[in-house]
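# Notes for the structure review
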Amino acid sequence: RGRLYVVATPIGNLADLSSRAREVLAEVAAIAAEDTRHTRRLLTHYGIAAELIAYHEHNEAALTPRLLERLAGGDDLALVSDAGTPLISDPGFVLVRAARQRGIRVVPIPGPSAAITALSAAGLPSDRFLFLGFPPRTAARCRSWLAGLVDEPGTLVFYESGKRAVRTLADLAAVLGGGRRAVVARELTKQFETFLVGELAELAERLAGDAEQRLGELVILVEGASGGDDAAAAREQARVLGILAEALP
Ligand code: SAM
């Protein structure tokens, strides 16, 4: 029986491919890749010639049995996505679950993921966080989805494209409050890597007014409902001031 290697690849900086990932990609019988042309470029950079199989969200279900057959027949296979860690807002779950159900060994080869990379340098609480992937596309669905997160105490982590970021930040501000602290982490590990830090309403305005800040891919991080002592103190202060305002003449 072969093994299925789940291999993380760079999110923008080719030097971030681990040496273990390199070894595995060079040794497996074939690599299942989301976009074979994209992965071919990565492999060529490292001088690796490998068989590539297109494996993406549209053929995941149809192709999984064929990949399982190859694994059962003794081939080692690798699974990669276009960037970062497979299965993290990327295809692969169907294959990994099926492989495990059949007792095939699934071996993770860890590496970059935009969510963890952003969280590690954003300066928002990282002891507890909730990864949410891409928010729903329409404003109505997005807002009702966000309503369920209002009291979430952990830092919220979203994926978004630069194009949609202003809309998403506006929805976040409308539902969670424009004053929540947030960070927009853009072009991570690339030449124009940027961390914008501020309150949600402020960041929405900032991106709306600056097309450059909407280029490329980004991660939006929002502090949780209790956001540490400062936020709790601010809420308590607001509560007390409210009581005083009512009681005083
Ligand atoms: N599997 C990937 C991972 O582990 O991070 C995520 C794939 S998902 C289809 C693509 C999204 O990840 C982008 O829209 C963006 O939100 C985020 N992303 C990927 N690379 C990024 C980067 N270099 N800088 C900021 N965000 C990035």
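Report follows, based on the coordinates. Just so it is clear, the model here is predicted, and its values are computed rather than measured. (Residues numbered from 1 in each chain as written. Predicted model: local features only at pLDDT ≥ 70, side-chain atom pairs only at ≥ 80, totals over all residues.)

We now examine the pairing of strand E8 (residues 181-186). A large share of E8 lies buried, amounting to six of its six residues. Neither face of E8 is open: one carries Arg 181, Val 183 and Ala 185, the other Ala 182, Val 184 and Arg 186, and all of them are buried. (Buried ≥ 20, exposed ≤ 12 C-beta atoms within 10 Å, placed from the backbone. Helix = DSSP H or I, 4+ residues; strand = E, 2+ residues; numbered from the N terminus.)

Attention now goes to the nonpolar core. Membership of the largest hydrophobic core comes to 35 residues, with the highest contact counts inside it found for Ala 118, Leu 169, Val 219 and Leu 221. At six residues, the largest contribution of residues to this core is made by helix H7 (residues 165-176). Core analysis: the second largest hydrophobic core is formed by 25 residues, Val 7, Ala 8, Ala 32 and Ala 78 among them. (Core = buried A, V, L, I, M, F, W, Y, C linked by C-beta atoms within 7 Å.)

With phi around 50 degrees, Glu 187 is a residue other than glycine that occupies positive phi space. Looking at where Glu 187 falls in the secondary structure, it is placed in the loop between E8 and strand E9 (194-199). With 16 C-beta atoms packed within 10 Å, Glu 187 lands in the partly exposed category.

Here we take up the site of the ligand. As a structural note, the neighbourhood of the ligand is formed by 24 residues, with Gly 84, Ser 113, Ala 114, Tyr 159 and Leu 188 the closest of them. When residues of the shell around the ligand are traced back to their parent elements, those giving at least two are helix H5 (114-122), strand E7 (155-161), E8 and strand E10 (217-222). Its residues assigned to classes, the shell around the ligand shows 10 nonpolar, eight polar and six charged. (Near = placed C-beta within 6 Å. Nonpolar A, V, L, I, M, F, W, Y, C, P; charged D, E, K, R; others polar.)

By themselves these figures say nothing about function.
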